Amino acid sequence: KEPEYTLKHLERDINKAYIEQSPIYIDERTMIYVALRVDSLIHFGGNEGHNLPKRKFYIAKNQSGKWRFEGELKFDSFFDTYEISSGSVAPDGNRLIISACTPDENRKMRCLLYELQKNGKDWSNPIELPKEVNAMGTSNTQPTIANGSKAYREVLYFVSERKEGKGGKDIW
C-alpha cells in the first residue's frame, strides 16, 4: 500500500515573500528554520553591497496544531554580518552545526561551518570547525549530523567543492 501524505502550507507568519528553508525540529513543539523575512518582494539593483537583508535562524512553536512565529534565534553578534544557509542539530539535541556565509571579492558566497553548544535555553558562542572541515579556499554548507555505524559515534556530512571531489559540490 502506498503511504499517505498530507501536504500543508505553513501559516503566513512563518512563510513570507522570500526564502524559508532548512527546518530543524528541536522537539515536538519547537522548530528553527532559516528565512529572509520580508513582507513583500524587493528588487535589488546589485549595488547594495553589504546592505542587503540577510537570512537568519528563526523559531516557530507548534500551538494546538499550528506553527506560530516566535522570533529570531539570537546568536552571538558575530553572525550579524553573515548570511545563514543551513544547520543541523546533533542527535542528542545539545549541539548545532550551522553554515554561515559571506561573499568573497567576486561576490561568490563562501560558507564555513560553526558549532554551538546548548546552554539551557541558549546557545554558546560559535566555534569555527577545524581546517579538516573548513579547508582553505572551499565553501562548506548543508551540514547534517547523524549517528554513525559505530555505537556512540556521530558523523558530520556536509557539502563542499574540493579539488579531491568528483566535480561541483559533493557530499563529504
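Residues numbered from 1 in each chain as written. Predicted model: local features only at pLDDT ≥ 70, side-chain atom pairs only at ≥ 80, totals over all residues. Heavy atoms only, no water.

**What about the packing of aromatic side chains?**
For the record, the criterion: Stacked, tilted and edge-to-face pairs are distinguished by plane angle, under 30 degrees for stacked and over 60 for edge-to-face with tilted covering the rest, among Phe, Tyr and Trp rings (Trp via its six-membered ring) whose centres lie within 6.5 Å. Comment: elements are numbered from the N terminus, with helices defined as DSSP H or I runs of at least four residues and strands as E runs of at least two. For every residue, the accessible area obtained with a 1.4 Å probe (protein chains only) is divided by the maximum for its type, and the residue is called buried under 20%, exposed over 50%, and partly exposed between those limits. As a reminder, the over-ring test applies to NZ of lysine and CZ of arginine, requiring each to be within 6 Å of the ring centre and within 35 degrees of the ring normal.
If you walk through the whole model with that rule in mind, you get four aromatic pairs. Judged by centre distance (6.2 Å) and plane angle (40°), the rings of Tyr-33 and Tyr-58 are tilted. A residue pair is termed long-range when its members are at least 10 positions apart, and Tyr-33 in strand S2 (residues 30–35) and Tyr-58 in strand S3 (residues 56–63) qualify at 25 residues. Look at Tyr-58 and you get buried, because its relative accessible area is 9%. Where Tyr-58 meets Phe-69, the ring centres are 5.8 Å apart and the plane angle is 45°; that geometry is what we call tilted. Of this pair, Tyr-58 sits in strand S3 while Phe-69 is found in strand S4 (residues 66–72), placing the two residues eleven residues apart along the sequence. Accessibility expressed as a relative area gives 29% for Phe-69, which makes it partly exposed. Following the ring pairs from residue to residue traces out a cluster consisting of Tyr-33, Tyr-58 and Phe-69. Over the ring of Phe-69 we find Arg-37; its NZ or CZ atom is 3.6 Å from the centre of that ring.

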